[in-house]
Amino acid sequence: MGSTWWVVIEEQGGMGDGRGWGVADAAGYPDRDTAFGEAYLLAKQHRPPRPSSPLNRVVLRVTDGYLVLVRGRTDVWQFRVTVGEQGGG
């Protein structure tokens, strides 16, 4: 039996200095290629709760997935789409 690969979306929440990070969604996939394909789609299409009126999006490929910057009228919000292989246990 093969490994399970997970795609996890972590995004900012809160306002001002109270911003924090949390897991917004997570799903398992049967192989690495499928997981990275889904991660790319999510980086391009996932709509975080803020900003309410996004103006543009920059998708940065990082070692284990994508870092996405979403610019609104007054601020920049970010989220991560991370791919990881499930460990034992």
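See the structure shown above.
Residues numbered from 1 in each chain as written. Predicted model: local features only at pLDDT ≥ 70, side-chain atom pairs only at ≥ 80, totals over all residues. Heavy atoms only, no water.

## Examining the pairing of strand β3 (residues 56-62)
Every other side chain in a regular strand lies on the same face of the sheet, so the side chains alternate between the two faces.
Reasoning step 1: Bridge analysis of β3 against strand β4 (residues 65-71) gives seven bridges, and the strand direction is antiparallel. Across the sheet, residue V59 finds its bridge partner in β4, namely V68. (Pairing = 2+ DSSP bridges. Helix = DSSP H or I, 4+ residues; strand = E, 2+ residues; numbered from the N terminus.)

## Looking at the packing of aromatic side chains
Reasoning step 1: Scanning the model with the defined rule gives one aromatic pair in all.
Reasoning step 2: The cationic tip of R61 hangs over the ring face of Y66; the distance from NZ or CZ to the ring centre is 5.4 Å.
Reasoning step 3: Directly above the ring of W21 sits R80, whose terminal nitrogen or CZ lies 3.9 Å from the centroid. (Phe/Tyr/Trp six-rings, centres within 6.5 Å; stacked < 30°, edge-to-face > 60°. Lys NZ or Arg CZ within 6 Å of the ring centre and 35° of its normal.)

## Examining the environment of A39
Reasoning step 1: Looking at where A39 falls in the secondary structure, it is placed in helix α1 (residues 32-45).
Reasoning step 2: Separated by 35 residues in sequence, A39 and T74 place their C-alpha atoms 27 Å apart.
Reasoning step 3: Those residues within four positions of A39 in sequence are excluded, and the remaining contacts are V7, Y66, V81 and V83. (Contact = heavy atoms within 4.5 Å.)

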